Amino acid sequence: MTPVAALRNGLGRLGSGLRERLRAAARIHAPVVLLVGAGQDECLMALAAAARPSAERLHLRELFRDGRRYYLSPTAEGFRLYSDARRWGSGAGRTSPAAVLVGELAAMGSTKAPVTLLRLQAHMRPACVLSALAFPAFVALLVVASPVENPWKPLLAGAIIVFSLLTQRFETAYQAHVLVEFARKALDGLPRVDALQLDGGRGPVVDGSAGFAQAWDRFYAEQTGQEPGA
């Protein structure tokens, strides 16, 4: 291998590793795929009903702790879900939705035995991140522009920005976790899928970082006897 080729391969590996680290840093919750023994409309109705506090659904009362509220918006592919809660102290207003849960619904099964495959993926809202960084960036600018001569000023300004980013990330990750748990508990009341319909219960149910496409290919291969990716 020539030195140029070796350098190119090294830069390629470095770039690939950097991209993976950036993806890991931006990920706020692992994708979740659920299989429900109900139609798409029933799933949406269950989510919409659970989003409204009611004395008839006391088993969901933990989801509304600290005055938390949920906002469900149907989309062509499924739904989008936001959440906010009361700020600390009385009359302090409500928090801003920092995370959004995007749900994609796919119909399976038959009309007599409907099955819905739900893919849940949480994202960080860019507008919320920008608004959260506005004030820390202003403070950091004042620190740098202050007439006080101090070699630690750039470090202090950078620390303010980094601390704000970390705080926002933790808040977003917490909201993403709350949204996923809400979707899980809201769908618990729907019929479960008969394990016999899915080859001994080995369906495309993924709860982790495995990709949706890989999980679906694996399930399809199990049902048809083909090799994955064939």
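Check the entry above for the structure.
Everything in this summary refers to the structure shown in the same document. Keep in mind that this is a model prediction, so the values were computed, not measured. (Residues numbered from 1 in each chain as written. Predicted model: local features only at pLDDT ≥ 70, side-chain atom pairs only at ≥ 80, totals over all residues. Heavy atoms only, no water.)

### Topic: the packing of helix α3 (residues 126-145) against helix α4 (residues 153-187)
Here is the rule: Helix axes are fitted to C-alpha atoms over the stretch in contact, other axes to C-alpha atoms as well, and angles between N-to-C directions run from 0 to 180 degrees. Counting from the N terminus, the helices are the DSSP runs of H or I reaching at least four residues and the strands are the DSSP runs of E reaching at least two. Should an angle lie under 35 degrees it is considered roughly parallel, over 145 roughly antiparallel, and from 65 to 115 roughly perpendicular; all remaining angles are considered oblique. We call a crossing left-handed when the near helix sits turned anticlockwise from the far one by less than a right angle, and right-handed when that turn is clockwise. Contacts: residue pairs with any heavy atoms within 4.5 Å of one another. Lys, Arg, Asp and Glu make up the charged group, whereas Ala, Val, Leu, Ile, Met, Phe, Trp, Tyr, Cys and Pro make up the nonpolar group; the residues left over, Gly among them, are polar.
Where α3 meets α4, the axes come as close as 9 Å, and the angle between the chain directions of the two elements is 165°. Compared by their axis directions, α3 and α4 come out roughly antiparallel. Considering how the two elements wind past one another, α3 and α4 form a crossing that is right-handed. Where α3 abuts α4, its residues C128, V129, A132, L133, P136, A137, V139, A140, V143 and V144 lie against K153, L156, A157, I160, I161, S164, L165 and Q168. Counted by class, the contact of α3 with α4 contains 15 nonpolar, two polar and one charged residues.

### Quick look at unusual backbone geometry
For D66, which is not glycine, the phi torsion reads 60° and is therefore positive. Structurally, D66 is set in the loop between α2 (40-50) and β2 (69-74).

### Let's talk about the side chain of T116
Applicable threshold: N or O atoms within 3.5 Å of each other form a polar contact, as long as, within protein, one can give a hydrogen and the other can take it, and as long as residues adjacent in sequence are counted only when both atoms are side-chain atoms.
With respect to the secondary-structure elements, T116 resides in strand β5 (residues 114-124). Within polar-contact distance, the side chain of T116 engages the backbone oxygen of A38 at 2.5 Å. Among the polar contacts made by the side chain of T116, one reaches the main-chain amide nitrogen of Q40 at a distance of 3.3 Å.

### As for the pattern of salt bridges
Definition in use: Any carboxyl oxygen of Asp or Glu within 4 Å of a side-chain nitrogen of Lys or Arg constitutes a salt bridge here. Summary of the burial criterion: residues with accessible area below 20% of their type's maximum are buried, those above 50% are exposed, and those between are partly exposed, where the area comes from a 1.4 Å probe applied to protein chains only.
This structure, assessed with the given rule, holds three salt bridges. With a shortest N-O distance of 2.2 Å, R65 and E62 are connected by a salt bridge. Relative accessible area serves as the criterion here: at 51%, R65 is assigned to the exposed category. Owing to a relative accessible area of 46%, E62 belongs among the partly exposed residues under this scheme. Across the pair E181 and R184 runs a salt bridge whose closest N-O atoms are separated by 3.6 Å. Of the two residues, E181 and R184 both sit in helix α4, three residues apart, roughly one turn of that helix.

### Points about the packing of α2 against α4
Two elements in contact, α2 and α4, have axes separated by 9 Å at closest approach and are oriented at 115°. The angle between α2 and α4 falls in the class roughly perpendicular. Like other packed secondary-structure pairs, α2 and α4 cross with a definite hand, here right-handed. Each of C43, A46, L47 and A50 in α2 lies in contact with α4, whose residues at this interface are F182, A183, A186 and L187. Across the contact of α2 with α4, the residue classes tally to eight nonpolar, no polar and no charged.

### A word on the side chain of D84
Mapped onto the secondary structure, D84 falls in strand β3 (residues 78-84). Owing to a relative accessible area of 8%, D84 belongs among the buried residues under this scheme. Here Y71 takes part through its side chain, which lies 3.1 Å from a polar atom of the side chain of D84. A polar atom in the side chain of D84 sits 3.1 Å from the side chain of R94. When near neighbours in sequence (up to four residues on either side) are disregarded, D84 contacts G67, R68, R69, Y71, R94 and T95.

### Comments concerning the nonpolar core
Cut-off, in case you're wondering: By nonpolar core we mean a set of buried residues, namely Ala, Val, Leu, Ile, Met, Phe, Trp, Tyr and Cys, connected to one another through side-chain atoms within 4.5 Å.
If you look at the biggest cluster of nonpolar residues, it comprises 31 residues, and the most contacted ones within it are Y70, L101, F182 and L187. Broken down by element, this core gets its largest block of residues, eight residues, from α4. Residues within four places of L101 in sequence aside, it is in contact with F79, R80, L81, L120, Q121, A122, L179, V180 and A183. Ranked by size, the runner-up nonpolar core spans six residues in total, among them L35, M108, L117 and V193.

So yeah, pure geometry; function would need other evidence.
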